[in-house]
Each structure stands twice: as structure tokens, then as C-alpha cells.
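Fold and geometry: a report
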Amino acid sequence: MVDNIIRQAKKIKWMQIGKWVTPYLMDSIANKAVATPYLSPLKYKGILNSYLIIDGEYYWDIRDYQDRLKYLSQFYHKKGAIFLLDFYTFAQRKTQETLKKINNLALETLPLNALSNKRIAKVFRVWSELSDSLLYLDGIFIALSEVIEKTIYEDLSKLLGEKVDHRLLLAELFPPKRLAFVIQEEDDLLFIAQEVTKHKVLFKKLLSNPAKNALNIINQCSLDIARQIKNHTEKYAWLSVADWLGPLFTIEYFVNRILKAIKDDPGATLKKRQMEREQREQNIARRLKEIKAPKKFIDMWRVIRDLLDLKLREYDVVSIAGYRARKLLTLIGQRIGGLTYEEVMQLTFDEIESLLTTNQKVDKGLIQDRSAHRALVRLWTKTWLLKGKDVTEIKDKLFPKQAKISDKVIKGNPSYAGKVSGRVRIIPTIVDLSSMKDGEILVCPMTNTDYMPAIRKAAGIVTDHGGILCHASIISRELKIPCIVGTKIATQVLKDGDLVEVDANKGEIKILS
């Protein structure tokens, strides 16, 4: 079977669109999403006929992707800002409606233990169908971002001439209007840290006692601040599980960050961040005047910034959808064979639904094999679920490693300017986050909110995938970390401990030793 799959797959020209540490459950829901026609006011019926998900690496048939780009480009060039506004209106409404429906399911308070397996299967289906629509929008945003970047770059070239590198200007002009959840969380935490510094007794005790005693000290000295931290944890615990895997952020995690913040005048830090955002908006207005941007460009600029907000919001809602279903999925694990939450996530939607409705128990050997290597392969009308050595064989034969560079220079797209040197830390998956040290250069396939603990420590960021409008680009601009995205090969060429210079003014990473 594997040889037949490889023969068929070699007939297709593949492109890698990213790498996410996604569970099989998310992969299977995404499989339904991208392979199903989905109507919107744009009359867009996007179907990916063939794609691969191999150990978290996503590959699309380049012809499918080009068809998607062509379709979106036609609308974009025909209607301009009106097209983007139509899509924004549709996607915003869909995202808000879906989040409301997921919250209304009340999965965290529903008396699930009292429900039969068949009833639980029905609840599970409703949740998965809601998640399906969100993952479909993810796929549209990937293609739409490329169309937007290409068109805006062309517009800037017409305004300023083609000989000038406009990548940094593009990045400068298009930050989101609103704060992403990960940035809002930092502001909220700084506010709590500021309250701690105002409480002189608590502040003094926290500075003079071991960190392990901090939570008890807070509870003893200020019930109000303890309540604020508890509410903060409940509001933002899900930020650690963008792809539904891994442990939630704990109250101890947030307390440790507060301890670090109170050493550097959190009130001043918060005020500085707010002033920098105001200054950024003033700089953008100045730059638009300098380049004499016409009204058509300004209209497009406004809508694109709204879309960036929505893109980040939609990604966050996907994370929240998984977070809300934790109790449900944990109970499902108990019902189908005493599985942990993490083990349930290695089953597909169809497998879980079948096990629930037939009252069967799962084969734990299957889950163990998938935990090591797994793949979902769709070639035209057929889909295969693979595990173990079959996965490594397909990957090795379809995508042999061939990354080479000359003159010890890797090139990508600069998304926040600056030049910094440091030691490389490769973080291929969120499992490796704890290895990141302050001042290192974060090198990874791409980022999402799960990567924030490592991003906060990074002197520079380098990714294989992504463009000017991706998560790493947006967050690096907010946190002012030199960043280069879309290198394609950085994680293959660089290794832990390499001394590199990240020149995000030019989009180059030089290997020094």
C-alpha cells in the first residue's frame, strides 16, 4: 500500500505551507474542512483535492494552491478594498457566531457524566463541526495573505520604484489595529504587577522570599490581588494550547512572570508600551504622507489591518474551541478505554464517534504508534491514515533533505528591523520550549501563541515559513525583536549553539561559527 501511495504522490508537485504540532483529531477535522465546498458571500468553493500532513508538516498540491490564489487574486484585483471588506465582514461574523455557539455548548459545566455515550457523541459532533468552519477559514487566510502581500508590494513598487526593497516598509505599515490576546495578556499581567508594587508589605515580602512561597504570600497579604491573578489565569490559561496539545498555563506560571515583572517597574513598562503604540501610529501616518499614498491605497491599508486583527482573533478562537472541549474529550477518553486527554487527541473524529456509538474500546497500540509518527494523506478522492515506519518512508522518499547554502548566509524576509548576534536555539516543536535561554536566537518552523514563552526570551527570531503578515512578524513588531521569516531552510541548516548574526535590515542570517 505504501509503495502505491508514494507512486501516486510523486505525480504531484508539492509545496509546504507550514508546520504545526497538531494532534490527529485536529488533522482529521481539518481534513473535512479543506476537502468540503464552503459557500460564502464571495461565492468561493475552495476544495483541496490532494494534501499531506506528515508529522505536523502540511503540504498542498501546488496546482490546488495556485487555483486558490488565482481565484482570490481575480476578486482582489477586480474589487480591491470592497472585496477585502466583504471577506472581512463574512469571516468576522462567522468567527463571532462560532465562538458564541461553542461557548453556548457550556462544555465545561455540562453534566457530561450523566450522559450516555450516544448523547456524548452528538455533543462531540456539534463541537467538531463548529471547529471545522474555523479551520476552513485558516486555510483561506493562508492563501489570502500571500495575495495581499504580493499586491501591496507591487503597489509600493509603483509608488516608490522597483529598485528599492519595500519589505520593511510593508511590515512597518501593517501592524494590527488591536492587541492580540498574547499582547493583551502581557499588558494585563503588567497591570497586576503594578498593583503588587503599590502594596508595600506584599512587594517587600515577594522580593525577600523564595519564589516557591510567592503564591502563599500573595494569598496572605492581599485577597484582592490573589483574585486578580486567579481571574487572569482563568482568562488566559488556554494561550499555551494553540494546537490543542500540552498542559494549560498554571497560576504558578503567571505568578513567576509577575515576580520577574516587579523587579523592573511594571508601571513604567506598561506606560512605555502604550506610548510606543501611539508613536507607532503617528509614524505610520507620517510614512503614508511621505510616500504620497493615494486614497485607493489608504482604503486598502485600513481594511488589511482589520483583516490582520481578525486573522489573529480567528486563530485564537481555534485555540479556545479546543480549550472548551478539554473536559468533554477527557471524559470521552475514560469512556472508550481509559485514555488520557493526550491519547484521545491521537484519534480521528470518525474513530472517536464510532467508538462512542458502538461502545467499543480503543487499541492503545495504535495510539502509541501514532504518537511516534503519523500522517494523513489525501490524493484526489482517497484518504489514508498512516503510522510508524510507513510515515518515515513516505517522508524520506517524497521530501529528501537537500538544504544547502553558499557563503554561510541564509536569506528570508525581514519583518522587524534590527541586527543582533547570538547563539541558535532550534525549537522544532513546543515540546522543546523549555530549552530556550534568554538572549538566544529562536529558530523554528513557524510560531503561534504556544511559542510565546520562548519568544519572550529571544534576542532574534528566524522561521522557515511565513510572510510579512504571519504570527511571528506581527508579534516581533509588537515586542520589537529583530525577525526574519520565510527562510525555508533555517531549521535544516542551523544547529543548536551556532553563533549567528541576524540582520533583519537586509533579511540575512550569517553563520559566524
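In what follows, the structure referred to is the one given above.
Here is a short report on the structure shown in this document. (Residues numbered from 1 in each chain as written. Predicted model: local features only at pLDDT ≥ 70, side-chain atom pairs only at ≥ 80, totals over all residues. Heavy atoms only, no water.)

1. A word on the overall build of the protein chain
So the rule is basically this: Strands here are runs of E lasting at least two residues and helices are runs of H or I lasting at least four, both read from the DSSP assignment and numbered beginning at the N terminus. Put simply, the radius of gyration uses C-alpha atoms, and a globule should come to 2.2 Å times the residue count raised to 0.38. The cut-offs for exposure are 20% and 50% of the maximum accessible area for each residue type, with area from a 1.4 Å probe on protein chains only; residues under the lower value are buried, those over the upper are exposed, and the others partly exposed. By the convention used here, residues are in contact when the closest approach between their heavy atoms is within 4.5 Å. With residues, only the protein chains shown are counted as cover, and all accessible areas are computed by Shrake-Rupley using a 1.4 Å probe. Think of it this way: Lys and Arg go in the positive column, Asp and Glu in the negative one, and His and the chain ends go nowhere. By convention, charge coordinates are those of NZ in Lys, CZ in Arg, CG in Asp, or CD in Glu.
Within the protein chain one finds 21 helices and 13 strands. For a compact globule of 513 residues, the expected C-alpha radius of gyration is about 24 Å, and the protein chain comes in at 24 Å, within 12% of that figure. Dimensions of the protein chain, computed from the C-alpha atoms along their principal axes, are close to 65 × 60 × 50 Å. In the protein chain, buried positions account for 55% of the 513 residues. Across the protein chain, every contact between residues at least 6 apart in sequence was considered, and the portion connecting residues at least 24 apart equals 70%. Split by element, the accessible area of the protein chain, about 23,600 Å² in all, is 52% carbon and sulfur. Charged side chains of the protein chain number 83 positive and 62 negative; the gap between the two group centres comes to 2 Å.

2. With respect to the packing of aromatic side chains
Within a pair of aromatic rings, the relevant descriptors are the distance that separates the centres and the angle that separates the planes. Test applied: Note on aromatic pairs: the rings of Phe, Tyr and Trp (six-membered ring only in Trp) are paired at centre separations within 6.5 Å, and the planes decide the class, stacked below 30 degrees, edge-to-face beyond 60, tilted for the rest.
Applying the stated criterion across every chain yields a total of twelve aromatic pairs. Measuring from centroid to centroid gives 6.3 Å for Tyr76 and Phe83, while their planes differ by 75°, and the two rings are edge-to-face. Of the two residues, Tyr76 and Phe83, both sit in the buried class. Aromatic pair Trp127 and Trp244: ring centres 5.2 Å apart, planes at 50°, arrangement tilted.

3. Some points on the pattern of salt bridges
The condition that has to hold: The salt bridge criterion pairs a side-chain nitrogen of Lys or Arg with a carboxyl oxygen of Asp or Glu, the two atoms within 4 Å.
Counted under the stated rule, the structure contains 35 salt bridges. With its nearest N and O atoms 3.9 Å apart, the salt bridge here joins Glu57 to Lys19. Taken as a pair, Glu57 in strand β3 (residues 57-61) and Lys19 in strand β1 (residues 14-19) lie far apart in primary sequence, 38 residues in all. Owing to a relative accessible area of 10%, Glu57 belongs among the buried residues under this scheme. A salt bridge links Arg286 to Glu290; the nearest nitrogen and oxygen atoms lie 2.8 Å apart. Within this pair, Arg286 and its partner Glu290 are both found in helix α12 (residues 266-290), separated by four residues, close to a single helical turn. Using a relative accessible area of 40% as the deciding quantity, one classes Arg286 as partly exposed. Classification of Glu290 by relative accessible area gives partly exposed; the value is 44%.

4. Looking at the packing of α12 against helix α13 (residues 295-324)
Put simply, the rule reads: Fitting a line to C-alpha atoms yields each axis, with helices limited to the stretch in contact; the angle taken between N-to-C directions then spans 0 to 180 degrees. Oblique is the label for any angle not under 35 degrees, not over 145, and not in the 65 to 115 range, which are roughly parallel, roughly antiparallel and roughly perpendicular in turn. Each crossing gets its handedness from the near helix: less than a right angle anticlockwise from the far helix is left-handed, clockwise is right-handed. Each residue is assigned to one class: nonpolar for Ala, Val, Leu, Ile, Met, Phe, Trp, Tyr, Cys and Pro, charged for Asp, Glu, Lys and Arg, and polar for all the others, Gly among them.
Their axes nearest at 12 Å, the elements α12 and α13 cross at an angle of 155°. As the angle between them shows, α12 and α13 are arranged roughly antiparallel. Classified by chirality, the crossing of α13 by α12 is right-handed. In this structure, α12 uses Glu281, Ile284 and Leu288 to contact α13, whose residues at the interface are Phe297, Ile298, Trp301 and Arg305. Here the residues of the contact of α12 with α13 are counted per class, giving five nonpolar, no polar and two charged.

5. Let's talk about the sheet that holds strand β4 (residues 374-379)
Adjacent strands of a sheet form backbone hydrogen bonds with each other and so pair up, either parallel or antiparallel. Test applied: When DSSP finds at least two bridges between two strands, those strands are taken to pair.
Within the open sheet, the five strands sit side by side as β1-β3-β2-β4-β5. Their pairing is antiparallel. What marks the edges here is a single partner per strand, and that holds for β1 and β5 (382-387). Within this sheet the neighbouring strands show an average axis-to-axis angle of 15°, counted without direction. Direction of pairing for β4 relative to β5: antiparallel, over a ladder of six bridges. Paired with Val377 across the strands is Trp384, a residue of β5. Packing against the sheet, helix α18 (residues 389-398) makes contact with β2 (50-54), β3, β4 and β5, and its axis sits at approximately 115° to β5.

6. Focus on the pairing of β3
Of all five residues in β3, five are buried; the element is thus mostly enclosed. Residues of β3 alternate between two faces, with Glu57, Tyr59 and Asp61 on one and Tyr58 and Trp60 on the opposite face, all of them buried. Inspection of the sheet shows β1 paired to β3 by five bridges, in the antiparallel sense. Each bridged residue has a counterpart across the sheet, and for Gly18 the counterpart in β3 is Tyr58. Relative to β3, β2 is paired through four bridges, and the arrangement is antiparallel. Residue pairing in the sheet places Tyr51 in a bridge with Trp60 of β3. The turn joining β2 and β3, which pair antiparallel and follow one another in sequence, is formed by two residues; a positive phi near 45° is taken by Asp55.

7. With respect to the environment of Val485
Looking at the element boundaries, Val485 is found in strand β11 (residues 483-485). Spatially, the C-alpha atoms of Val485 and Thr109 are 41 Å apart, while their sequence positions differ by 376 residues. Beyond its immediate chain neighbours, meaning those up to four positions away, Val485 contacts Gly412, Asn413, Ser415, Thr463, His465, Gly466, Gly467, Cys470, Ala472 and Ser473.

8. Focus on the packing of helix α3 (residues 62-79) against helix α4 (residues 81-104)
Closest axis-to-axis distance for the α3/α4 pair is 6 Å, and the angle between their directions is 120°. Taken together, α3 and α4 sit at an angle that is classed as oblique. Across the interface between the two elements, Leu72, Phe75, Tyr76 and Lys79 from α3 touch Ala81, Ile82, Phe83, Leu84 and Asp86 from α4. Looking at the contact of α3 with α4, its residues break down into seven nonpolar, no polar and two charged.

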